[in-house]
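Residues per chain are reported as follows:
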Amino acid sequence: MQRMACSFPDEVLEHVFSFVQCDNDRNAISTVCKSWYKIERWSRRRVFVGNCYAISPDMVIRRFPDVRSIELKGKPHFADFNLVPDGWGGYVAPWISAMAAAYPWLEEIRLKRMVITDENLELISKSFKNFKVLVLSSCEGFSTDGLAAIAANCRNLRELDLRESEVEDLSGHWLKHFPDDYTSLVSLNIACLGCEVSFSALERLVGRCPNLRTLRLNRAVPLDKLANLLRRAPQLVELGTGAYSSELRPDVFSNLSGAFSGCKELKSLSGFWDVVPGYLPAVYPICCRLTTLNLSYATIQSPDLIKLVGQCQNLQRLWVLDYIEDAGLDAVAASCKDLRELRVFPSDPYGPEPNVPLTEQGLVSISEGCSKLQSVLYFCRQMSNAALMTIARNRPNMTRFRLCIIEPGTPDYLTLQPLDVGFGAIVEHCKDLQRLSLSGLLTDLVFEYIGTYAKKLEMLSVAFAGESDLGLHHVLSGCEKLRKLEIRDCPFGDKALLANAAKLETMRSLWMSSCSVTFGACKLLGQKMPRLNVEVIDERGTPDSRPESCPIDKLYIYRTVAGSRFDMPGFVWTIDEDSAMRLS
Amino acid sequence: MHPNEVKILNKCLCQMSEAVMAVVKPEMKSYIWLQTADGSVQQVEEEVAVFCPMICREVIQTGMGSSKNYAISLPQRVNPAILGLVLDYCRFHHVPGRSNKECKNFDEKFIRMDTKRLCELTSAADSLQLKPLVDITSRALARIIEGKTPEEIRETFHLPDDLTEEEKLEPLRNITDDPRIRLLNRLYARKRKELKEREKLKNVETVEEQLDDRSVDDLLSFINGGDGDTKVARTNRSKKKNRRRKDQSKVLHDLSSACHVGEVSNGLLASSSTCSKLQDSAVTSFSPNVEFDDGDIDDDIDPAMKEELDREVEDFARRLNSDWPERMQEILSLGQERRLMPICMGKYMSVDQR
């Protein structure tokens, strides 16, 4: 093999690497050869850790000595559906203390589904002089006191984003802790906060930060105050309103409408709690510029929705309640030709009967009218194989398809057959599908299709589906790129799991709850696979007190080089190589 | 240096050298002599050459380059062919007043060359301190690197594979380097091919029945597993290869790949003693060269422990084996009737939310 005639000095190679930012590419670079490994690790500024227990903070710090931006994820996705008991884990504390010592120049921390305390927030605010970005997505464990510490001490803060976190609202005064000479705010998302924030402090903050581009308010900010805020920040690109309701008054309306018109850069709207339809026309002037519209809290009916969405010709992302109805989706399909992502949420998921005329037809219309559609999350009550096949043929460019038929085990409503061939068509036609959620009546056949065709699939969510271990086996043996698999209430047991044990090391994680996996199989896996953590989550007490063939409640398996974790609560059991059952 | 800065510096130098050269060659363009590491010397228009900061500095600080005998020695990384390329770049960019669009178009075309040459050019540009050229060549190299696996990168740039397995196997690693995963992928690829062939031959219904039929035998065979990682089992393997089940010669079932996957995963359910009569399943389609050393997984476990584990595995496999036939009957009867099973276990919120 001919050697490269030239030899690069390290700085040149580092310069080349500086143009490669994507995590996968950086990871590839780091395992090319010794010299590239060395250069890459010293020049790596951003690290993404998809599972905070897959590696220890010390190992990350040893490997990458000069990191400026870190992203960590904690609990598994099914925690969003209350399937992970409280206290399971995902504590960020060890990471913060390790990084406080090792990365004084850390600028960005992004966390998802982790537990972060006020002490952790205070430590962040005091340890990193150049701290700029804090994103806490679906996190918990902290209060507004922690936010006050961030506001007070992070002089260079640009982004504070609390998306969907659970925050203990002690006081709205935390906003006042931003110093009067602090002007660098670019993005603020407090939509998840329950209580009122100090509005005057908010107004002053917004007024003195000329670079503010994103402002997502919480429900407590009244509509009649919105206009003033907008006038202080006409450069806003993304806005989340507070409650969108007020007594209908022409002066309030015209004030609001004028304020919206003044925002020439506004591209994204959200919020819209408690919408009073009479105020919707206030946003009409800016609709044509909108690329993102999140109406998932807006309990407005189809005619109003149609009027609104019909004006958003440049819409790329739409999140809406099923109040939009099939008719509304027809309108979207006709007007929003640039639509890339659609999410339709259920307004009444627990009701026994459909409350709105939203069926599979809406999704079919969208698939026909929106040629750029890539990502779908769709809650509905009926589906047919024919519709799924039509959608698949219309939109082979889909990369994310999550269908949630509300009642488990619902068959094709036309033929009463399982929906196997419909989903089969989806995976066969959408060759770049990365994420898939299944629902409805499904046999092992759908998994055979998935294993055969879904070669780019990275994440699969399954509930109340399948008939035997064959189903699970098809997925584990066929989906080459599978990283995350989450399963609940399926008749999958030990065999497929054990037969595909090696596959588990190539994935980030596997979640199985209310299936038929026995404790014996878990012990076997834990003993034989040192690079996997096999966590048995069972609130009924120690699994040893039941026969080994008794199915366990919940199973969470993830690959790790950090060994067993030390922060497990009493209801989590893990099995080590020394074949003793570890409790914590 | 920014191209504009270089241009300004160049202009001053031009004026200086013109004044000097005026004595020798009044009406002609000024030329500079450059010597590459191989000894060859060439003449280059001065205004072009001094676009390179390194050459510019040599001219100013040492006064070299004015004649053949006093040619400026270029760094070793600049050979004549590459020098030509560098000068082409300088020849275009040293001219003032070019629009951004013009420059961009030139750069895009200029950068199109094979990877080896691109590397040489990057290296040369760096040694000549010509930062704009370093930038565009570095970006081009970055684009070549993007999307490639480490193996592909090594091939492209002729780099050695000198990292240890330990160093490669970290959670932030690229998994296709793991030999076990490579094997798995090969198995998947083969199985995919065979599934495709099977699809062409049969319709879905019949395939399904065969699936069910198959899985009993195959599962039982790997549960009783002849191809585990124990000595006794290994001697049985070569005997197995030659036996074929008559009705299974063409069609390869999913789960027979599970046999190998099962072996790959350390022969999890391998039994050291029993070789049931159902062991002669259709594993013959896999090349006999699929040797797999999974010994490294067990390295940490001491022999006594390992024996105990193997005993547990055996025991467990036997238990699995005993109730499997009944279970299979259940499944087969379900499959044929396709009754709607009320699977619902109470109300639930489906697997996704905002």
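Position labels on residues start from 1 in each chain and follow its written sequence. Here the convention is simple: chains get letters from A, ligands get numbers from 1, in the order in which they are written. At least 70 in pLDDT is required for a residue's local features to be given in this predicted model, at least 80 for side-chain atom pairs to be given and counted, and no such filter applies to totals for whole chains, interfaces and linings, which use all residues. Hydrogens and water molecules were not included; the side-chain quantities draw on all heavy atoms of the structure.

1. Comments concerning the overall build of chain A
Turning to step 1, where the next piece is worked out: Put simply, DSSP marks the helices as runs of H or I at least four residues long and the strands as runs of E at least two long, and each gets a number from the N terminus on. If you tally the helices and strands in chain A, you get 21 helices and 24 strands.
Turning to step 2, where the next piece is worked out: C-alpha atoms define the radius of gyration, and 2.2 Å times the number of residues to the power 0.38 defines the globule rule. In summary, chain A has a C-alpha radius of gyration of 25 Å against a globular reference of 25 Å for 584 residues, a match within 12%.
Turning to step 3, where the next piece is worked out: C-alpha extents for chain A along the principal axes are approximately 70 × 65 × 60 Å.
Turning to step 4, where the next piece is worked out: Throughout, exposure labels follow a simple rule: accessible area from a 1.4 Å probe, protein chains only, divided by the maximum for the residue type, with under 20% read as buried, over 50% as exposed, and the rest as partly exposed. Across the 584 residues in chain A, those meeting the buried criterion constitute 63%.
Turning to step 5, where the next piece is worked out: Contact between two residues is taken to exist if any of their heavy atoms lie within 4.5 Å; hydrogens are not considered. Residue pairs in contact within chain A that sit at least 24 positions apart in sequence constitute 70% of those at least 6 positions apart.
Turning to step 6, where the next piece is worked out: The Shrake-Rupley method, run with a 1.4 Å probe sphere, supplies the accessible areas, and residue values consider only the shown protein chains as cover. Of the roughly 20000 Å² of accessible surface on chain A, 49% is carried by carbon and sulfur atoms.
Turning to step 7, where the next piece is worked out: Charge assignment: positive for Lys and Arg, negative for Asp and Glu; neither His nor the chain ends contribute. Here the site of a charge means NZ on Lys, CZ on Arg, CG on Asp, or CD on Glu. Here chain A contributes 66 positively and 70 negatively charged side chains, and the mean placements of these two sets differ by 7 Å.

2. Here we look at the environment of Ile61(A)
All names here are of chain A.
Turning to step 1, where the next piece is worked out: Position of Ile61 among the secondary structure elements: in helix α4 (residues 57-63).
Turning to step 2, where the next piece is worked out: In the structure, Ile61 is positioned 42 residues away from Tyr103 in sequence and 8.2 Å away in space, judged by C-alpha atoms.
Turning to step 3, where the next piece is worked out: Setting aside residues up to four positions removed in sequence, Ile61 forms contacts with Ala98, Met99, Ala102 and Tyr103.

3. Structural notes on the pairing of strand β14 (residues 341-345) of chain A
Residue and element names in this part refer to chain A.
Turning to step 1, where the next piece is worked out: Burial within β14 is extensive, with five of its five residues counted as buried.
Turning to step 2, where the next piece is worked out: Side chains of β14 alternate between two faces, with Glu341, Arg343 and Phe345 and Leu342 and Val344 buried alike.
Turning to step 3, where the next piece is worked out: For two strands to count as paired, DSSP must find a minimum of two bridges between them. In terms of strand pairing, strand β13 (residues 317-321) meets β14 through five bridges, oriented parallel. Its bridge partner being in β14, Val320 is matched across the sheet by Val344.
Turning to step 4, where the next piece is worked out: Crossover handedness is defined by viewing with both strands directed away from the observer: a clockwise path from the first strand over the helix to the second marks the crossover as right-handed. Note that the unit made of β13, helix α13 (residues 325-335) and β14 has a crossover that is right-handed.
Turning to step 5, where the next piece is worked out: In terms of strand pairing, β14 meets strand β15 (residues 375-380) through four bridges, oriented parallel. Across the sheet, the residue bridging to Glu341 is Ser375, located in β15.
Turning to step 6, where the next piece is worked out: For the crossover from β14 across helix α14 (residues 360-369) to β15, the handedness is right-handed.

4. Notes on the sheet that holds strand β2 (residues 41-45) of chain B
Pairing between sheet strands relies on hydrogen bonds along the backbone, with the strands arranged either parallel or antiparallel.
Residues and elements named next belong to chain B.
Turning to step 1, where the next piece is worked out: Strand order in the open sheet formed by three strands is β2-β1-β3, and the pairing between neighbours is mixed. Edge strands, defined here as strands with exactly one partner in the open sheet, are β2 and β3 (72-73).
Turning to step 2, where the next piece is worked out: Strand direction decides the pairing type here: strand β1 (residues 31-35) and β3, joined by two bridges, are parallel. If you follow Gln35 over to β3, its bridge partner there is Ser73.
Turning to step 3, where the next piece is worked out: For helices, the axis comes from a line fit to the C-alpha atoms of the stretch in contact; other axes are also lines fit to C-alpha atoms, and the angle between any two N-to-C directions lies between 0 and 180 degrees. Set on the sheet, helix α4 (residues 80-93) makes contact with β1 and β2; between it and β2 the angle comes to about 5°.

5. Here we look at the UniProt feature "domain: F-box" (unreviewed entry) in chain A
Turning to step 1, where the next piece is worked out: Per the UniProt record, the feature "domain: F-box" (unreviewed entry) sits at residues 8-49 of chain A.
Turning to step 2, where the next piece is worked out: Secondary structure across residues 8-49 of chain A comprises 62% helix and 10% strand; the distance between its end C-alpha atoms is 31 Å. UniProt positions are given in the numbering used here, feature names are shortened, and annotations may be inferred rather than shown by experiment.

6. Observations concerning the environment of Gln313(A)
Residues and elements named next belong to chain A.
Turning to step 1, where the next piece is worked out: Relative to the assigned elements, Gln313 resides in the loop between α12 (302-309) and β13.
Turning to step 2, where the next piece is worked out: Along the chain, Gln313 and Lys337 lie 24 residues apart, while their C-alpha atoms are 6.8 Å from each other.
Turning to step 3, where the next piece is worked out: Setting aside chain neighbours within four positions, we find Gln313 in contact with Cys288, Ser335, Cys336 and Lys337.

7. Remarks on the environment of Phe178(A)
Residues and elements named next belong to chain A.
Turning to step 1, where the next piece is worked out: Position of Phe178 relative to the elements: it lies in the loop between β7 (166-168) and β8 (187-189).
Turning to step 2, where the next piece is worked out: By relative accessible area, which is 3% here, Phe178 ends up buried.
Turning to step 3, where the next piece is worked out: Along the chain, Phe178 and Ala148 lie 30 residues apart, while their C-alpha atoms are 7.9 Å from each other.
Turning to step 4, where the next piece is worked out: Beyond its immediate stretch of four places on either side in the chain, Phe178 contacts Ala151, Leu157, Leu205 and Arg208.

8. A word on helix α8 (residues 150-157) of chain B
Residue and element names in this part refer to chain B.
Turning to step 1, where the next piece is worked out: Taken together, the buried positions of α8 are occupied by Pro150, Ile153, Arg154, Thr156 and Phe157. Across the axial projection of α8, the buried residues extend over an arc of 165°, all falling on one side.
Turning to step 2, where the next piece is worked out: Looking at the residues trailing α8, positive phi occurs at His158, about 55°. Here, the arc refers to the directions that run from the helix axis to the C-beta atoms.

9. A closer look at the pattern of salt bridges
If the charged atoms of two oppositely charged side chains come close together, the side chains can form a pair.
Residue and element names in this part refer to chain A.
Turning to step 1, where the next piece is worked out: Here, a salt bridge means any Lys or Arg side-chain nitrogen found within 4 Å of an Asp or Glu carboxyl oxygen. The full count for this structure, using the stated rule, is 37 salt bridges over all chains.
Turning to step 2, where the next piece is worked out: Here Arg219 and Asp274 are joined by a salt bridge, their closest N and O atoms 2.6 Å apart. Here Arg219 is found in the loop between β9 (214-216) and α9 (223-232), whereas its partner Asp274 is found in the loop between β11 (268-270) and α11 (284-287), with 55 residues between them in sequence.
Turning to step 3, where the next piece is worked out: For the salt bridge of Glu505 with Arg531, the shortest nitrogen-to-oxygen distance reads 3.4 Å. Taken together, the residues Glu505 in the loop between α20 (501-504) and β20 (509-513) and Arg531 in the loop between α21 (519-528) and β21 (532-537) connect sequence positions 26 residues apart.
Turning to step 4, where the next piece is worked out: The exposure class assigned to Glu505 is buried, which follows from its relative accessible area of 6%.

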